[in-house]
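# Understanding the architecture of this molecule
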Amino acid sequence: MDSRQLEQRISRWVRDNRSAVIGLVSDLIRYDTVNKVTDGTEKECQRHIAGVLERLGLETALYSPEEAPGFRSHEAYFPGKEYSDRPNVAGIWRGKGDGRSLLFSSHADTAVVASGWSRSPWEPYESDGKLYGLGSFDMKGGLAASIMAVRCLIELDIHPGGDVTIESVVDEEFGGANGTLAGRLMGYNADAAIIPEPTNLAICPATRGGALWRVTFRGKTGLSFSGETLVNPLFDAGKFLVFLQKHEQERSRKPGPAPWYAAVSEMPIIPTRAEAGDMQAELCDVGPERCDIDIWVECYPGVTEEQLQQELIGGYTAMFGSDAAIPEFRKVIRFLPGSEVAPEFPLLSVLENEARNVCGEEPVVKGAPFACDAFMFNLHSPTPAVIIGPSGANAHAADEYVEIDSLLRLTELYARTIAAWCGVSNTDEEDDR
């Protein structure tokens, strides 16, 4: 079978199995897998995924991250998490041994339920070419597409030259990534990895990093009846917020590091919440003792947590002078470092070619505008990782959805990428020989 025939068979299979692709995503949405920051409820969904992989004939393991050798002592392990009932899943489709290996790594957990959902977030429904449900876009849609791509090739009786691994990890949201670390320590590595995070079908060889800090300004409260020196931390916090807004604007006007971030794009600094004073008291006639502001700040690959913090402190004191009150910084989640693969990494050209043929247009290749667990691959494993996932909207927001057409294209793209990267053969052709 030549490559053109294989491509046609893959395309036809995906069209014929539209309802099965949607059905698998819908099945995954029905499981409540909300990440509760220190704990989670992914177990039943992971068991379902393991069953799907087993029925496809993959060598499947359901394991606790705690089973990974050197898990808690690894430099990238982040403490304070609970994994007693949160298993990872991995399934290996063994190749003939004469091709490159490929790993698809997805996470089963979702963000919390945002307010404003028009229906239950765990009741998937299809409307106007979109499949709605919590996690449909981030990232159960991409997870399902990777599984269906393997199913496609299996049902077409096509066998890979190299191993293909499907992985579903726990605890990726909110700076998790310990589940991803466990997969690497368990030995589920490959010549290349694809992370199906939602990219609107863009190929992303790099991801940003980011820090979520609680920034605390302290003061002295009371009334200065006897000449006491009072300090209201709200004034200092206000100055800091003014600086953050200006700094975000300035950063977003500058290009980032080439090649993946050379285009000018928004570089978010997001104050996520603020707290000061006793909101339960009937009234307050004095200033608060402290003001806490939570901020999410993104950065480019190569920037450390310390460098990012000093960038903020340096810019803040430059704007308001050396006597500006320096706040305390406390880490709320782990620092997520940005990471990237080299421009010559061969999976990139394979993905570009397959995306061009499947989508009928030049693919977008750029750095991802978000942070994720890719750094666990690119900084802490022998497996370089590239991100490409479906189109949709409202990730981490009400009425999240994935575009069904993009899911079908992604499934086809993944199947073709397996064939091109791992090499494939047909059983009937082997028997004829």
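Structure shown above.
No experiment lies behind these values; they were computed from the predicted model shown.

### Some words on the overall build of the protein
- Each helix and strand counted, the protein has 11 helices and 18 strands in total.
- The C-alpha atoms of the protein give 24 Å as radius of gyration, which agrees with the globular expectation for 433 residues (22 Å, within 12%).
- With the C-alpha coordinates of the protein rotated into their principal frame, the extents come out at 100 × 45 × 40 Å.
- A sequence separation of at least 24 residues applies to 82% of the contacts in the protein between residues at least 6 apart.

### Comments concerning the environment of Arg273
- Along the polypeptide, Arg273 turns up in strand E11 (residues 269-276).
- For the pair Arg273 and Ile29, spaced 244 residues apart in sequence, the C-alpha separation works out to 29 Å.
- For Arg273, the residues in contact, after removing those within four places along its chain, are Arg214, Asp292, Ile293 and Asp294.
- Of note is the side chain of Arg273, whose polar atom sits 2.8 Å from the side chain of Asp294.

### A few points about the state of the cysteines
- In total, this model carries 0 disulfides according to the counting rule given.
- In this structure Cys291 is a free cysteine whose sulfur lies 13 Å from that of Cys284, the closest cysteine sulfur available.
- Note on Cys422: no disulfide assigned, nearest cysteine sulfur contributed by Cys152 at a separation of 14 Å.
- Cys422 gets classed as buried once you look at its relative accessible area, which sits at 2%.

### Details of the packing of helix H4 (residues 136-155) against helix H10 (residues 404-422)
- Contact geometry of H4 with H10 gives a least axis separation of 8 Å together with a crossing angle of 50°. In terms of orientation, H4 lies oblique with respect to H10. Note that H4 runs across H10; the crossing there is right-handed. Contacts from Gly141, Gly142, Ala145, Ser146, Met148, Ala149, Val150, Cys152 and Leu153 of H4 reach H10 at Leu407, Leu410, Thr411, Tyr414, Ala415 and Ile418.
- Residue composition of the contact of H4 with H10, grouped by class: 11 nonpolar, 4 polar and no charged.

### Observations regarding the packing of helix H2 (residues 18-29) against H10
- Here H2 crosses H10 at 105°, and the two axes come no closer than 10 Å. Between H2 and H10, the angle is such that the two are roughly perpendicular. Between H2 and H10, the residues in contact are Arg18, Val21, Ile22 and Val25 and Ile404, Leu407, Leu408 and Thr411, respectively.

About the thresholds
- Residues numbered from 1 in each chain as written.
- Predicted model: local features only at pLDDT ≥ 70, side-chain atom pairs only at ≥ 80, totals over all residues.
- Heavy atoms only, no water.
- Helix = DSSP H or I, 4+ residues; strand = E, 2+ residues; numbered from the N terminus.
- Rg over C-alpha atoms; globule rule 2.2 N^0.38 Å.
- Contact = heavy atoms within 4.5 Å.
- Polar contact = N/O pair within 3.5 Å; in protein donor to acceptor, adjacent residues only side chain to side chain.
- Disulfide = S-S within 2.5 Å.
- Buried < 20%, exposed > 50% of the residue type's maximum accessible area, 1.4 Å probe, protein only.
- Axes fitted to C-alpha atoms, helices over the stretch in contact; angles between N-to-C directions.
- Parallel < 35°, antiparallel > 145°, perpendicular 65-115°, else oblique.
- Left-handed = near helix turned anticlockwise from the far one by under 90°.
- Nonpolar A, V, L, I, M, F, W, Y, C, P; charged D, E, K, R; others polar.

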